[in-house]
Amino acid sequence: MSDKLRLPPLNALRVFHAVAQHRSFRRAAEELLVTPQAVGQQMKLLEELLEVTLFVRRGRSVELTEPAILLSHFVKAGFHELSEGVRRVTKSAARTRINLNASPYFATRHLLQRLSLFRAILPDADLRLTTMIDTPDFARDEVDLSIQWGYEGGWPGYQSSLLVPDPKVICCTPEIAATVRSPADLAEATLLDTVKSLRLWPDILRHLEVEKGGGNRSIGFDDAASMRRATVQGIGIGLLSTFDAEEDLRSGALVAPFGRDALTGMRAEEVPGFHVVLPRSHLRVKAVAMLHRWLVEQDWARER
């Protein structure tokens, strides 16, 4: 009798992959163009074959159990590898089309004015650029690589490389600055931040040795541009990227109440930045690998 592990049916794993992504039988069914009942049957079959519970129902959504979370990582990686294999045997590894997704801020501030330099390296590349704040689903969105804002290690399961740090400057209007005489006053101030990072202000307050006051007086924004406008309008105290801060400080629209270098000395792991993120298998496509190498080699800290 063979001890070789017998894998579950590929279709059951495909349905599991969809449910794990959407956390919903109904939304998985919509993606797969089947009924929710069919999805439920496949998941029941998979649970029986594996002899583990994969999901716990929570109203209209489902919650993944610990075994399901573990399995989902391997299934996701497996389907990425299958997709890459299909591309390779259909000669797509020689393709010149590259689908690049980038953070809107990075695209407008850094990337657009330099794309002509990449054109000189790979003139025949059919480069498609999209902007998205959240990390894309590389398979579903057909994205080859993405430039994302975040922290080192923030994309488990993917290869990520830091392109440029994004240190912040504490800024506010002159009127608000008159009420903020020391970092301790931040504990009771309205703090503006981005919803993508729940640790940005806490790390900064800890660096400044400020104990957070009672209540939550923060306002979160989806993107840096909105937070910058809110800061200029006097809604609260914002955290601006260096280039933006310099512009608004020169114009007098904002001031840095504790100085431009107040956050100098923060630990490297506490400073966010822009990273190029992609499944490692995508680097097997020559055009994608060339763009990745070009992105990593650029000096993005230098304005053009």
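Conventions and cut-offs
Residues numbered from 1 in each chain as written. Predicted model: local features only at pLDDT ≥ 70, side-chain atom pairs only at ≥ 80, totals over all residues. Heavy atoms only, no water. Helix = DSSP H or I, 4+ residues; strand = E, 2+ residues; numbered from the N terminus. Contact = heavy atoms within 4.5 Å. Lys, Arg positive; Asp, Glu negative; His and termini not counted. Charge placed at Lys NZ, Arg CZ, Asp CG, Glu CD. Buried < 20%, exposed > 50% of the residue type's maximum accessible area, 1.4 Å probe, protein only. Polar contact = N/O pair within 3.5 Å; in protein donor to acceptor, adjacent residues only side chain to side chain. Pairing = 2+ DSSP bridges. Axes fitted to C-alpha atoms, helices over the stretch in contact; angles between N-to-C directions. Parallel < 35°, antiparallel > 145°, perpendicular 65-115°, else oblique. Left-handed = near helix turned anticlockwise from the far one by under 90°. Salt bridge = Lys/Arg side-chain N within 4 Å of Asp/Glu carboxyl O.

Asker: So what exactly am I meant to see when it comes to the overall build of the protein chain here?
Answerer: From N to C terminus, the protein chain includes eleven helices and eleven strands. Expressed along its principal axes, the backbone C-alpha trace of the protein chain runs to roughly 80 × 55 × 35 Å. Sequence separation of 24 or more characterises 76% of the internal contacts of the protein chain that already satisfy a separation of 6 or more. Taking the average location of the 39 positive side-chain charges in the protein chain and that of its 38 negative ones, the two points are 6 Å from each other.

Asker: Teacher, can you tell me more about unusual backbone geometry here?
Answerer: Trans is the common state for peptide bonds, and a negative phi is the common state for residues other than glycine. A positive phi angle, close to 60 degrees, is found at E51, a residue other than glycine. Mapping E51 onto the fold places it in the loop between α3 (36–50) and β1 (55–58). With a phi close to 55 degrees, E142 is a non-glycine residue in the positive phi region. Of note, E142 is situated in the loop between β4 (126–131) and β5 (145–150). Overall, E142 belongs to the exposed group, its relative accessible area being 54%.

Asker: What should I look at first to understand the environment of D137 in this one?
Answerer: Residue position: D137 is located in the loop between β4 and β5. A sequence separation of 116 residues divides D137 from Q21, and the C-alpha atoms of the two residues are 9.3 Å apart. Excluding residues within four positions of it along the chain, D137 makes contact with Q21 and E142. Polar side-chain contacts of D137 include one of 3.1 Å to the backbone nitrogen of A139.

Asker: Would you explain the sheet that holds β5 in this entry?
Answerer: Strand pairing in a sheet relies on backbone hydrogen bonds. The paired strands run either parallel or antiparallel. Taking strand neighbours across the sheet as the criterion, the five strands line up as β4-β3-β5-β11-β6 in an open arrangement whose pairing is mixed. The open sheet has two free edges, formed respectively by β4 and β6 (159–165), since each of these has just one partner strand. Across the sheet, the mean angle separating the axes of adjacent strands is 20 degrees when strand polarity is ignored. Bridge analysis of β5 against strand β11 (residues 273–278) gives five bridges, and the strand direction is antiparallel. Across the sheet, I147 pairs through a bridge with V276, a residue of β11. Contacts between helix α5 (residues 104–111) and the sheet are confined to β3 (97–102), β4, β5, β6 and β11, with β3 contributing the most and set at about 105 degrees to the helix.

Asker: For this particular structure, what's the right way to read the packing of helix α1 (residues 10–22) against α3?
Answerer: Describing two packed helices takes the angle between their axes plus the distance from one axis to the other. α3 packs onto α1 with a crossing angle of 110 degrees between their chain directions and a minimal axis gap of 9 Å. In terms of axis orientation, α1 runs roughly perpendicular to α3. Where α1 crosses over α3, the two elements pack in a sense that is left-handed. Mapping the contact onto sequence places N11, A12, L13, V15, F16 and V19 in α1 and V39, Q42, M43 and L46 in α3.

Asker: Explanation requested: the pairing of strand β7 (residues 168–171) in the structure shown.
Answerer: Within a regular beta strand, the side chains point alternately toward one face of the sheet and then the other, so they alternate between its two faces. The alternating pattern of β7 places K168 and I170 on one face and V169 and C171 on the opposite face, and all of these are buried. Two elements, β7 and strand β10 (residues 238–241), share four bridges in a ladder whose sense is antiparallel. For C171, the partnering residue across the bridge sits in β10 and is G238.

Asker: What is the right way to read the pattern of salt bridges from this model?
Answerer: Should their charged atoms come close, side chains of opposite charge can pair. Under the definition given, this model contains 17 salt bridges. For D244, the salt bridge identified is with R228, shortest N-O distance 3.2 Å. Of this pair, D244 sits in helix α10 (residues 242–251) while R228 sits in helix α9 (residues 224–232), and the two are 16 residues apart along the sequence. Taken individually, D244 and R228 each receive the classification buried, so the pair is uniform in this respect. Linked through salt bridges whose partners overlap, the residues forming this network are R199, D203, R206, R267, E269 and E270.

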